[in-house]
Amino acid sequence: MQRIFIKGIKGGIGSTSVVANLACALRKSNVDVIAIDLDAKSDLGLHFGLKWTTTKGWSNADSFEEALTHFYKDSDGVIFLPFGDKNANLNDIKTIVENCTKLDCKLGTWMLFDCPSHIDISELALETKDILIELVTCDAICHSLIYKRLQMLQNVESNWNHFFLVNRYNAASVLEFDIYSLWQSTLPFIAPFFINLDEVIKESTAHRNVALNCAPYSVANDDFETLAGWLVSKVAF
Amino acid sequence: MNNLIVKNSQTLTSNDIENLAKRFGGKSNDYIEIVNTQKNKQTINKYALLKEIDNALKSLSN
């Protein structure tokens, strides 16, 4: 099993959309994909067509056996677990991550975690094989946060694979071009591509779906296929 | 008859840089790296917050 943790370096960067779209892009290769919502907003399920009135998830369960009853499968075959509507602290999140890792999965299964931006990643007990993707947007605040993160990474024993990935890149913006060019030539751990800003993401979410199903020939879908392929190559090496 | 050896452009190519480096020594970066470093400096100087972060990082590393 390959664990991928996806979080925004700050709130509102679009980690849930990335998890949902990536899950479907990976699923296209006929591998098992499990997406776990660790964010209290509990909106990952909406991308997979879960009913708005379904509010329960793992946070409502008293035990992991009970949490298993909250797993769903979408029309593409992606298995997902909503967060629910109960409060959960860092320990609860750590426990659900550990329990999900113990699931009896097929070899080659991808497990994607949609992490809230405020979570302390060093608390999650990530392993050498794990990949953490921190989403950023091309702006000065993210530039500041990236350098703070790099300083933090110097001070913790981080053995996981850490990457920064630009989401919602606006090719028409001079500022974004300047910052992206700077990052590409100076920043360690920056992914060698970006996810373009594309209206398709919002539109497909409005249709309770993902870009792959709503606009298979869109730039957005191309970007998620690139991301999926890049992750496959990272795992292979 | 045109003299094909004469170069009219003032822009240095990677070959020019390499030739200069061979003549005068001290080549440690390739052409792309030199251009990138210049571009990055310009970008950092263009935006106040980026410049402040860059200065802070430099003073931390010293």
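> Hey, could you go over unusual backbone geometry for me, with residue numbers and the actual values?
One non-glycine residue, Ser42 of chain A, adopts positive backbone phi at about 50°. You can see Ser42 of chain A is positioned in the loop between β2 (33–37) and α2 (44–47).

> Describe in detail the interface of chain B and chain A, supporting the description with residues and values.
Counting residues at the interface gives ten residues for chain B and nine residues for chain A. At the level of elements, α2 (31–46) and α3 (48–61) of chain B are the ones that each hand at least two residues to the side of chain B that touches chain A. Sorting elements by how many residues they give to the side of chain B that touches chain A places α2 of chain B first, with five residues. Along the lines of polarity and charge, the residues of the side of chain B that touches chain A split into five nonpolar, three polar and two charged.

> Please provide a residue-by-residue account of the environment of His207 of chain A, values included.
Positionally, His207 of chain A belongs in the loop between α7 (199–206) and α8 (211–214). In this structure the C-alpha to C-alpha distance between His207 of chain A and Phe48 of chain A, which are 159 residues apart in sequence, comes to 9.9 Å.

> Outline the sheet that holds strand β4 (residues 79–81) of chain A, listing residues and values.
All names here are of chain A. The strand order β3-β4-β2-β5-β1-β6-β7-β8 describes an open sheet built from eight strands, whose pairing is mixed. The open sheet is flanked by β3 (72–73) and β8 (190–196), the only strands paired with a single partner. Both β2 and strand β5 (residues 110–114) contribute to a ladder of five bridges, which runs parallel. Pairing of Asp37 across the sheet is with Asp114, part of β5. Against the sheet, helix α1 (residues 15–27) touches β1 (2–8), β2, β5, β6 (131–136), β7 (161–169) and β8, its axis set at about 170° to β5.

> How would you summarise the nonpolar core if you had to cite specific residues and measurements?
All names here are of chain A. In terms of nonpolar packing, the biggest core is built from 63 residues, with Ile6, Val19, Leu22, Ala23, Val33, Ala35 and Leu112 touching the most fellow members. In terms of residue count, the dominant contributor to this core is α1 (eight residues). In contact with Val33, not counting residues within four places along its chain, are Ala23, Leu26, Arg27, Val78, Ile79, Trp110 and Leu112.

> Give a detailed account of the pairing of β2 of chain A, specifying residues and quantitative values.
Residue and element names in this part refer to chain A. Among the five residues that make up β2, five are buried, leaving the element largely enclosed by the rest of the structure. With burial as the criterion, each face of β2 is covered, one bearing Val33, Ala35 and Asp37 and the other bearing Ile34 and Ile36. In this structure, β2 lies alongside β4, joined through three bridges in parallel fashion. Each bridged residue has a counterpart across the sheet, and for Ile34 the counterpart in β4 is Ile79.

> Outline the packing of helix α5 (residues 140–155) of chain A against α3 of chain B, listing residues and values.
Interaxial distance between α5 of chain A and α3 of chain B falls to 10 Å at its minimum, and their mutual angle equals 15°. Our classification of the angle between α5 of chain A and α3 of chain B gives roughly parallel. Considering how the two elements wind past one another, α5 of chain A and α3 of chain B form a crossing that is left-handed. Listed contacts from α3 of chain B to Ala140, His143, Ser144 and Tyr147 of chain A of α5 of chain A are Leu49, Leu50, Ile53 and Leu57 of chain B. Split into classes, the residues belonging to the contact of α5 of chain A with α3 of chain B amount to six nonpolar, two polar and no charged.

> Outline the confidence of the model for chain B, listing residues and values.
Residue and element names in this part refer to chain B. With 56% of its residues at a pLDDT of 70 or more, chain B shows a mean pLDDT of 76. The least confident element of chain B is helix α1 (residues 14–24), whose mean pLDDT is 68; the most confident is α3, at 92. Note on the complex model: pTM 0.87, ipTM 0.82.

Thresholds, definitions, all that
Residues numbered from 1 in each chain as written. Chains lettered and ligands numbered in written order. Predicted model: local features only at pLDDT ≥ 70, side-chain atom pairs only at ≥ 80, totals over all residues. Helix = DSSP H or I, 4+ residues; strand = E, 2+ residues; numbered from the N terminus. Contact = placed C-beta atoms within 7 Å. Nonpolar A, V, L, I, M, F, W, Y, C, P; charged D, E, K, R; others polar. Pairing = 2+ DSSP bridges. Axes fitted to C-alpha atoms, helices over the stretch in contact; angles between N-to-C directions. Core = buried A, V, L, I, M, F, W, Y, C linked by C-beta atoms within 7 Å. Buried ≥ 20, exposed ≤ 12 C-beta atoms within 10 Å, placed from the backbone. Parallel < 35°, antiparallel > 145°, perpendicular 65-115°, else oblique. Left-handed = near helix turned anticlockwise from the far one by under 90°. pLDDT = per-residue confidence, 0-100.

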